[in-house]
Protein chains: 2
Amino acid sequence: MTAPCELCQHAGGIEWYRDDRLRVVLVQGEEGRRFPGFIRVVWNAHVREMTNLLPADRSYLMMTVCKVEQALRDVLNPTKINLASLGNVTPHLHWHVIPRWDSDSHFPAPVWAQAVRDGQVQVSAGQIEQLKTAVLSLLSGA
Amino acid sequence: MTAPCELCQHAGGIEWYRDDRLRVVLVQGEEGRRFPGFIRVVWNAHVREMTNLLPADRSYLMMTVCKVEQALRDVLNPTKINLASLGNVTPHLHWHVIPRWDSDSHFPAPVWAQAVRDGQVQVSAGQIEQLKTAVLSLLSGA
């Protein structure tokens, strides 16, 4: 018996936005603590790869990823943005949009490598609230 | 003194395609051996993030990434495709397009995590040649 898909059963984080095609969620847990503002953009339908989407849907998904990237840069001004769609464990199309700081626990290594220091990035609850406002503003086209 | 940018100085792999905006290269070395068919799509200009590009250029870059993904699926039929734009070490916009097999050295972990087995994926030189033909065909719109 195949295990049910995690992203078909759960949002994958705190849901900030959802429409008929995708959702934008704030990542929680250890990853969310290490990389505050780590956001996932999850395609709602259970689709495996980008090339399983129609070109117009791929474009909509990446435009959304880029709006999230822009909001992260505008509000948190991190050292770098990391974008990734892996899905080896959960083959349900989703994008990681990860703000990186040169003081974070893994920089400059990828977040999936071993930690290189005891990094603690300081981002306040107020900044996360500003980030949410910026994401929603860009997504609404306002 | 800042070190010169690696991707401004070198192609980043064996160059299969180049136009005025981007290039497509086959990754060499240890990564190329572990994940045969690992391809990078590199923006030619020294640009840091996706959101530093005009929307039309972002779209062109991702369409190219998706054509490479399609060629990898068509020719090598891997278990999964991984897409990532990190650039923490080399902040010059480039996309990793990585074919993954459930027998590879890291699966299902990301390629940047610790290896989990002595994986040796068998892909022949002939298949890599077919992959190149498929990539060039999709890029030319043929």
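Higher on the page you've got the structure.
Think of each chain on its own: its residues are numbered from 1, step by step along the sequence as written. Both sets of labels track the order of writing: A upward for chains, 1 upward for ligands. Only residues with pLDDT of at least 70 get local features here, since the model is predicted, and only at 80 or more are side-chain atom pairs given and counted; chain-wide, interface and lining totals rely on the full set of residues. Side-chain calculation: all heavy atoms of the structure are included, whereas hydrogens and water are not.

Engineer: Whenever I open this one, the relation of the copies chain A and chain B confuses me. Can you help?
Structural biologist: The pair of chain copies shares a relation made of a rotation about an axis and a shift along it. Copy-to-copy superposition: least squares on the C-alpha atoms, limited to residues that have pLDDT of at least 70 in both copies. Rotating chain A by 180 degrees about the axis while translating it 0.0 Å along that axis superimposes it on chain B, leaving an RMSD of 0.0 Å. The symmetry that links the two subunits is that of a two-fold axis. An overlap of 100% is found between the interface residues of chain A and their copies at the interface of chain B, pointing to a shared contact surface. Two residues qualify as a contact provided that any one of their heavy atoms is within 4.5 Å of a heavy atom in the partner residue.

Engineer: Quick question: what am I supposed to make of the packing of aromatic side chains here?
Structural biologist: Aromatic rings in a pair are described by how distant their centres are and how their planes are angled relative to each other. Ring pairs shown here join Phe, Tyr and Trp side chains whose ring centres sit within 6.5 Å, with only the six-membered ring taken for Trp; geometry is labelled stacked below 30 degrees between planes, edge-to-face above 60, and tilted in between. Across all of its chains, the model carries two aromatic pairs over all chains by this definition. Between Trp112(A) and Trp112(B), the ring centres sit 5.6 Å apart and the planes meet at 25 degrees, which makes this aromatic pair stacked. Placement of Trp112(A) in the loop between β5 (94-100) and α4 (125-140) and of Trp112(B) in the loop between β5 (94-100) and α4 (125-140) is noted, with the two residues assigned to different chains. Taken individually, Trp112(A) and Trp112(B) each receive the classification buried, so the pair is uniform in this respect. Here, a charge over a ring is recorded when the distance from Lys NZ or Arg CZ to the ring centre is within 6 Å and its angle to the ring normal is within 35 degrees. The ring of Tyr60(A) carries Arg21(A) above its face, with NZ or CZ at 3.9 Å from the centroid. Secondary structure elements are taken from DSSP: a helix is a run of H or I of four residues or more, a strand is a run of E of two residues or more, and numbering for both begins at the N terminus. Only protein chains enter the area calculation, which uses a 1.4 Å probe; residues under 20% of their type maximum are buried, those over 50% are exposed, and those in between are partly exposed.

Engineer: Could you clarify how one ought to interpret the side chain of Lys80(A) in this entry?
Structural biologist: Within the secondary structure, Lys80(A) sits in strand β4 (residues 80-85). Its relative accessible area of 2% is what places Lys80(A) among the buried residues. Only 2.7 Å separates the side chain of Lys80(A) from the side chain of Glu49(B), close enough to count as a polar contact. Once residues lying within four places of it in the same chain are set aside, the contact partners of Lys80(A) are Ile98(A), Pro99(A), Arg100(A), Phe107(A), Arg48(B), Glu49(B), Leu86(B), Gly87(B), Asn88(B) and Pro91(B). The definition of a polar contact used here is a pair of N or O atoms within 3.5 Å, where within protein one atom must be able to donate a hydrogen and the other to accept one, and adjacent residues in sequence count solely through side-chain atom pairs.

Engineer: Teacher, can you tell me more about the state of the cysteines here?
Structural biologist: Chemically, a disulfide is nothing more than a covalent bond linking the sulfur atoms of two cysteines. Only a pair of cysteine sulfur atoms within 2.5 Å qualifies as a disulfide here. Overall, the coordinates contain zero disulfides over all chains when judged by the stated rule. In this structure Cys8(B) is not part of a disulfide, and its nearest cysteine sulfur, from Cys5(B), lies 3.8 Å away. Overall, Cys8(B) belongs to the partly exposed group, its relative accessible area being 47%. Lacking any disulfide linkage, Cys66(B) is separated from the closest cysteine sulfur, that of Cys66(A), by 12 Å. On the accessibility criterion, Cys66(B) (4% relative accessible area) is buried.

Engineer: Mind showing me how you'd approach the packing of helix α3 (residues 55-76) of chain B against α4(B) here?
Structural biologist: The relative placement of two packed helices comes down to the angle between their axes together with the axis-to-axis distance. Residue and element names in this part refer to chain B. Closest axis-to-axis distance for the α3/α4 pair is 9 Å, and the angle between their directions is 140 degrees. Overall, the two elements α3 and α4 adopt an arrangement that is oblique. Note on packing geometry: the crossing formed by α3 with α4 is right-handed. Contacts between α3 and α4 pair Thr-64, Lys-67, Val-68, Gln-70, Ala-71, Leu-72, Val-75 and Leu-76 from the former with Gln-127, Gln-130, Leu-131, Ala-134, Val-135, Leu-138 and Leu-139 from the latter. Taken together, the residues of the contact of α3 with α4 sort by class into 10 nonpolar, four polar and one charged. To obtain each axis, a line is fitted to C-alpha atoms, and for helices this fit is confined to the stretch in contact; angles are then taken between N-to-C directions over 0 to 180 degrees. The cut-offs work like this: below 35 degrees is roughly parallel, past 145 is roughly antiparallel, 65 to 115 is roughly perpendicular, and the gaps in between are oblique. Handedness of a crossing follows from how the near helix is turned relative to the far one, being left-handed for an anticlockwise turn of less than a right angle and right-handed for a clockwise one. All amino acids are sorted into three groups, where Ala, Val, Leu, Ile, Met, Phe, Trp, Tyr, Cys and Pro are nonpolar, Asp, Glu, Lys and Arg are charged, and the leftover types, Gly among them, are polar.

Engineer: Could you clarify how one ought to interpret the sheet that holds strand β1 (residues 14-18) of chain A in this entry?
Structural biologist: Within a sheet, each strand pairs with its neighbour through backbone hydrogen bonds, oriented either parallel or antiparallel. Note: two strands are recorded as paired if DSSP finds a minimum of 2 bridges between them. Strand order in this open sheet of 10 strands is β1(A)-β2(A)-β3(A)-β5(A)-β4(A)-β4(B)-β5(B)-β3(B)-β2(B)-β1(B), and the pairing throughout is antiparallel. The strands lining the two open edges of the sheet, one partner per strand, are β1 of chain A together with β1 (14-18) of chain B. Averaged over all neighbouring strand pairs, the angle between strand axes comes to 20 degrees, with direction disregarded. Judged from the three bridges that link them, β4(A) and strand β4 (residues 80-85) of chain B form a sheet pairing that is antiparallel. When the sheet's bridge partners are listed, Ala84(A) is paired in β4(B) with Ala84(B). Along the sheet, α4(A) makes contact with β1, β2 (22-26) and β3 (39-43) of chain A, crossing β1(A) at roughly 20 degrees.

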